[in-house]
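# Fold and contact review
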Amino acid sequence: MNLTESTTSHGKHLHHGTKCSKMPADMDFRTYLRNYPDAEGFYGRFGGAYLPAELEPAFKEITAAYYDICYSAQFINELRRIRKQFQGRPTPVYHCERLSRLNGGAQIYLKREDLNHTGAHKLNHCMGEGLLAKFMGKKKLIAETGAGQHGVALATAAAYFGLECEIHMGAVDIAKQAPNVTRMKMLGANVVCVTHGLQTLKEAVDSAFEAYQRDYKNAIYCIGSVLGPHPFPMMVRDFQHVIGSEAREQFIEMKGDVPDAICACVGGGSNAMGLFPAFLDDPVEIYGVEPLGRGTTLGEHSASISYGTEGIMHGFNSIMLKDAQGEPAPVYSIASGLDYPSVGPEHAFLHDIGRVKFDTVSDEEAVDAFFKLSRYEGIIPALESSHAIAFAMRKAREMKRGAILANCSGRGDKDVDYVAEHYGYGDNYKF
Ligand SMILES: *Cc1c(COP(=O)(O)O)cnc(C)c1O
């Protein structure tokens, strides 16, 4: 038994899915999670751990500890108990009947990660990282945050486990995200204000990394998505795997078979990597949805796989958006959780072999989905999740019949003031 094994198995669905010509000939998705990444943290040529020499031992220590605990019955049982009693899992799968009727075409279903404690999927990996820190005898969790969502989830985990928490955040983001800064402080975290450069996410990452370098014996760096040097992309994926393994079982229980298609928004890619692997071996079309923002011009979007090229940043090789100098380009999305100039290496790999397709959704389409889900289903989604919902509606119309399951990664409480100010209340959506 390990962390990513499902508790039940539906043998009849374990046939091979949609193989593609670029896939390695021996590709077998039944053993996918065991075979990827390799021992060095590579998914094909993507991933790895490009680290300053003095941090190599620290990351080796984290990797060894993770391999230890992910096979430990005690760790798995403790994480299960936390998920059930503290986070409120399992989260339901929900059939959007009114939205499907409005839209026409395939039936739309949501995996309700917005119902997690703290309102998004991020707590799934933060509780895992906190439990790992506890196991390793660390006293402090260090991380960066952009919009503050990862900071709030990690501060929650730190409070739960009785650990110190230090969150690095750009001064510009601190000013923009006041409610999340207050939540972090209320939960006992020390919010470090980063005042150099553009004073946003990239500087916060650099600052958090430096703090970790000074204190790695006492602290652990908790990355907020399937990003960074090995073992983080693997570890965060495994902690998020519960989304897909629950969703697959729940969907089969409701409908007797797997959905025809699934989709999730992709910032760094953790909610998507949580959903996708459980369906890799099924005849299911899988879509990652990237933010197109205000358009295709560099700087106006954050669609790394759709418009980027291969490169190394923040300690791993993946697909990234670069400026003329080859540096990480400025990025934009209405959803601040999606504006990262690269993407988790495993997405780059699954895209490369053709098993996961990527498409884009603009700010405008995301806001339309935000209003429609609110008005037709009584669910106010996060603007990040609205990208997945917008894609599900578009795809459902194309498919005409069948079912598409979208990951509703978070709730929209954090976004309602911004949307109301810029777009109103959606009163033009008639019933
Ligand atoms: C942070 C966040 C995302 C984007 O992160 P991924 O790692 O791509 O999942 C998506 N949805 C919500 C609600 C978030 O808070």
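So, here is what we can say about the structure in this document. (Residues numbered from 1 in each chain as written. Predicted model: local features only at pLDDT ≥ 70, side-chain atom pairs only at ≥ 80, totals over all residues. Heavy atoms only, no water.)

## Some points on the sheet that holds strand S13 (residues 356-362)
Taken in spatial order, the six strands make up an open sheet running S3-S4-S14-S9-S10-S13, and their pairing is mixed. Of all the strands in the sheet, just strand S3 (93-95) and S13 have a single pairing partner and so form its edges. In this sheet, neighbouring strand axes are inclined to one another by 30 degrees on average, regardless of whether the strands run parallel or antiparallel. In the sheet, strand S9 (residues 261-265) pairs with strand S10 (residues 285-293) via five bridges, with the strands oriented parallel. Looking at the pairing, Ile262 lines up with Ile286 of S10. Sitting on the sheet, helix H11 (residues 242-255) is in contact with S3, strand S4 (107-112) and strand S14 (403-408), with an inclination near 140 degrees to S4. In the packing of helix H15 (residues 363-377) onto the sheet, the strands contacted are S3, S4, S10 and S13, and the crossing angle to S13 comes to about 85 degrees. (Pairing = 2+ DSSP bridges. Helix = DSSP H or I, 4+ residues; strand = E, 2+ residues; numbered from the N terminus. Axes fitted to C-alpha atoms, helices over the stretch in contact; angles between N-to-C directions. Contact = heavy atoms within 4.5 Å.)

## Focus: empty space enclosed by the protein
The final tally for this structure, using the stated rule, is one cavity of 30 Å³ or more. Its volume calculated, the largest cavity comes out at about 30 Å³. Looking at the largest cavity, the residues that line it are Thr118, Ala120, Lys122, Gln149 and Ala153. Class assignment for the residues of the lining of the largest cavity results in two nonpolar, two polar and one charged. (1 Å grid on protein atoms, 1.4 Å probe; cavity = no way out; pocket = protein on both sides within 12 Å on 5 of 7 lines; lining within 4 Å. Points joined across faces, edges and corners; volume = space filled by probe spheres on them. Nonpolar A, V, L, I, M, F, W, Y, C, P; charged D, E, K, R; others polar.)

## Some words on the sheet that holds strand S8 (residues 219-221)
Read across the open sheet, the four strands follow the order S7-S6-S5-S8; overall the sheet is parallel. On the outer flanks of this sheet lie strand S7 (190-194) and S8, each paired with one strand and no other. Averaged over all adjacent pairs, the angle separating strand axes in this sheet is 20 degrees, with direction ignored. Direction of pairing for strand S6 (residues 164-170) relative to S7: parallel, over a ladder of five bridges. Directly across from Gly170, in S7, lies its bridge partner Val194.

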